[in-house]
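If you want the building blocks of each chain, they are given just below.
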Amino acid sequence: MDFALSEEQEAILDMARAFGEAEIAPHARTWEAEGTIPKALWPKLAELGFGGLYVSEENGGAGLSRLDATLVFEALSRSCASVAAFLSIHNMCAKMLDTFASDELRERFLPRALRMEIFFSYCLTEPGSGSDAAALKTRAARTNEGYTLDGTKAFISGGGYSDAYIVMARTGEDGPRGISAIVVEDGTPGLSFGGLEDKMGWRSQPTRQVQFDACAVPAGNLLGEEGHGFRYAMMGLDGGRLNIAACSLGAAQAALDATLLYMGERKAFGKTIDQFQALQFRLADMEIELEAARTLLRQAAWKLDTGAPDATKACAMAKKFVTEAGSRVADQCLQLHGGYGYLADYGIEKIVRDLRVHQILEGTNEIMRMIVARQMLAAR
Ligand SMILES: Cc1cc2nc3c(=O)[nH]c(=O)nc-3n(C[C@H](O)[C@H](O)[C@H](O)COP(=O)(O)OP(=O)(O)OC[C@H]3O[C@@H](n4cnc5c(N)ncnc54)[C@H](O)[C@@H]3O)c2cc1C
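Described below are features of the structure shown in this document. (Residues numbered from 1 in each chain as written. Predicted model: local features only at pLDDT ≥ 70, side-chain atom pairs only at ≥ 80, totals over all residues. Heavy atoms only, no water.)

Looking at where Arg 353 falls in the secondary structure, it is placed in helix 10 (residues 348–356). You can call Arg 353 buried: its relative accessible area is 18%. Looking at Arg 353, its side chain comes within polar contact range of the main-chain oxygen of Met 200, at 2.9 Å. With residues near it in sequence (within four places) discarded, Arg 353 still touches Glu 32, Met 200, Gly 201 and Arg 203. (Helix = DSSP H or I, 4+ residues; strand = E, 2+ residues; numbered from the N terminus. Buried < 20%, exposed > 50% of the residue type's maximum accessible area, 1.4 Å probe, protein only. Polar contact = N/O pair within 3.5 Å; in protein donor to acceptor, adjacent residues only side chain to side chain. Contact = heavy atoms within 4.5 Å.)

Here we take up the site of the ligand. Thr 125, Ser 131, Phe 155, Thr 364 and Glu 366 are the nearest of the 17 residues found near the ligand. The contact in question runs from a nitrogen atom of the ligand to an N or O atom on the backbone of Tyr 122, over 2.8 Å. Here the ligand, which alone exposes 980 Å², has 65% of that area covered by the protein. Its atoms largely coinciding with the cavity grid, the ligand occupies the largest pocket. No other element matches strand 3 (residues 146–157), which puts three residues into the shell around the ligand. Within the shell around the ligand, the residues separate by chemical class into nine nonpolar, five polar and three charged. (Near = heavy atom within 4 Å. Areas by Shrake-Rupley, 256 points an atom, 1.4 Å probe, with all protein chains shown as cover. 1 Å grid on protein atoms, 1.4 Å probe; cavity = no way out; pocket = protein on both sides within 12 Å on 5 of 7 lines; lining within 4 Å. Sits in = over half its atoms within 2 Å of the grid points. Nonpolar A, V, L, I, M, F, W, Y, C, P; charged D, E, K, R; others polar.)

All right, on to the side chain of Ser 77 then. Of note, Ser 77 is situated in helix 4 (residues 66–77). Note on Ser 77: relative accessible area 2%, which makes it buried. At 3.4 Å, the side chain of Ser 77 and the backbone oxygen of Cys 247 are in polar contact. The residues touching Ser 77, leaving out its near neighbours within four places in the chain, are Ala 84, Ala 246, Cys 247, Gly 250 and Ala 251.

Counted at 1.5 Å a residue, the expected span for helix 11 (residues 365–378) with its 14 residues is 20 Å, and the 20 Å between its end C-alpha atoms agrees. Of all the residues in helix 11, the buried ones are Asn 365, Ile 367, Met 368, Ile 371 and Val 372. Summarising the axial view, the buried residues of helix 11 lie within an arc of 165°, below the 170-degree limit, and thus occupy one face. Across helix 11 from its buried face, at more than 90 degrees, point the exposed residues Glu 366, Arg 374, Leu 377 and Ala 378. Packing partners of the buried residues in helix 11 comprise helix 7 (229–265) and helix 9 (311–336). (Expected span 1.5 Å × (residues − 1). Arc of directions from axis to C-beta.)

Looking along a regular strand, one sees side chains alternate from face to face of the sheet. Neither face of strand 1 (residues 120–123) is open: one carries Phe 120 and Tyr 122, the other Ser 121 and Cys 123, and all of them are buried. Looking at chain direction, strand 1 and strand 4 (residues 164–170) are connected through four bridges and run parallel. Across the sheet, residue Cys 123 finds its bridge partner in strand 4, namely Val 167. (Pairing = 2+ DSSP bridges.)

Taken as a whole, the largest pocket spans an internal volume of roughly 1,200 Å³. The wall of the largest pocket is formed by 40 residues, among which Thr 125, Ile 360, Leu 361, Glu 362 and Gly 363 lie closest to the centre. Secondary structure elements with two or more residues in the lining of the largest pocket: helix 5 (81–100), strand 3, helix 7, helix 10 and helix 11. Residue composition of the lining of the largest pocket, by class: 20 nonpolar, 10 polar and 10 charged. (Points joined across faces, edges and corners; volume = space filled by probe spheres on them.)

Next up on the list: helix 9. Taking 1.5 Å of rise per residue, the 26 residues of helix 9 would be expected to cover 38 Å, and the 37 Å separating its terminal C-alpha atoms lies within 8% of that figure. Positive phi appears at Gly 338, one or two residues downstream of helix 9, with a value of about 60°.

Turning our attention to the nonpolar core. Ranked by internal contacts, the top residues of the largest apolar core, which has 101 residues, are Trp 42, Leu 76, Phe 120, Tyr 122, Ile 166, Met 168 and Leu 223. Here this core takes 16 residues from helix 7, the largest share from any one element. Setting aside anything within four residues of it in sequence, one finds Leu 223 in contact with Met 96, Leu 97, Phe 100, Ala 101, Leu 105, Ile 166, Ala 181, Ile 182 and Tyr 232. (Core = buried A, V, L, I, M, F, W, Y, C linked by side-chain atoms within 4.5 Å.)

Moving on to the packing of helix 4 against helix 5. Taken N-terminus to C-terminus, the directions of helix 4 and helix 5 make an angle of 150°; their axes are 7 Å apart at the nearest point. Between helix 4 and helix 5, the interaxial angle falls into the category roughly antiparallel. Seen along the crossing, helix 4 lies across helix 5 with a hand that is right-handed. Where helix 4 approaches helix 5, its residues Phe 73, Leu 76 and Ser 77 are matched on the opposing element by Ala 81, Ala 84, Leu 87, Ser 88 and Asn 91. (Axes fitted to C-alpha atoms, helices over the stretch in contact; angles between N-to-C directions. Parallel < 35°, antiparallel > 145°, perpendicular 65-115°, else oblique. Left-handed = near helix turned anticlockwise from the far one by under 90°.)

Note that all results are geometric; they support no functional claim without further evidence.
Set out below in structure tokens:
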């Protein structure tokens, strides 16, 4: 068993970290205040191959493993978890196009998505169904030309910002087997958006409802086969969960690194606060927790890469553990900064706010426990 990263993986980590420090970190607060990320950022990330990290090389992607991709998200999140997580959603969609789209659909969208001239959103959640996603009601009725969509998607990251949406909609019976995945381009008549959601974190990412009112798309916009959309959506999520966990890990590590420096400068009772053993123990606990999180995350990524039978369970375990550890560490880092931790200038409060949602989306952490428990019971 070899736990070391290869030279190539170290290089990926360094490249993503350097890009984040140069191109994201200096602007992260401004983008948060403006509630949007400039589209000019994306082609720069695409030049590094980050528009299709695990899209096959055959179809023009970087062809990286899921483990490699977690390194990218961990490194970018050191600069801004919100920007890194947004990139993860686009990558999840690009991979769905790579794997399931017809040649014609793939040709139409994937090359531009890889260059990040166009940005993709993922539309599963609805106002009435989140965790129970297979209960979705948005309908795509078959017509002579293709499909007509009616319904509403909620909480869509990139809603009103993205150039195209992968929409999970009902084309058949109730339940997961009646769901198909359909690409809807921005500007399609009948596609509209709700108001900008005012959120605790991830504020640089625009989140809106995405609404379909007799929204007609050609038959060629169907991704893969009718009735398989829910399966495609879930397959995207295993890896998406790894990415979100990696975003928690990177941002929490950045908070811990900043805290270590801060504690060597801040004085109380005549000495720097890093001299209090009670606080040293907290530092040690955070280091242990993040290293355990990193190991579990990379093991889960390796299981997904190698097609291990328990990969879904491993991804759920990692998502639950790493996102909770990341939030605990970020919160402790805020505490160790005292009042300054509460001020935006120190960068810690933004991390606390950004990481909180990682316990809720890509499947809540209760759903992660459900996946783990279900597999435990089945294997009894
Ligand atoms: C900022 C943000 C961005 C998002 N981006 C997207 C996006 O781009 N695309 C998209 O499709 N969705 C997106 N979502 C939606 C997200 O995936 C859902 O919010 C999430 O899946 C939870 O669904 P819900 O909010 O409807 O909560 P509910 O499903 O109503 O859950 C409420 C509570 O009940 C718990 N619960 C539910 N069922 C069970 C059960 N069986 N056992 C135990 N506990 C249970 C949940 O864990 C939760 O604590 C985003 C959400 C947010 C906040």
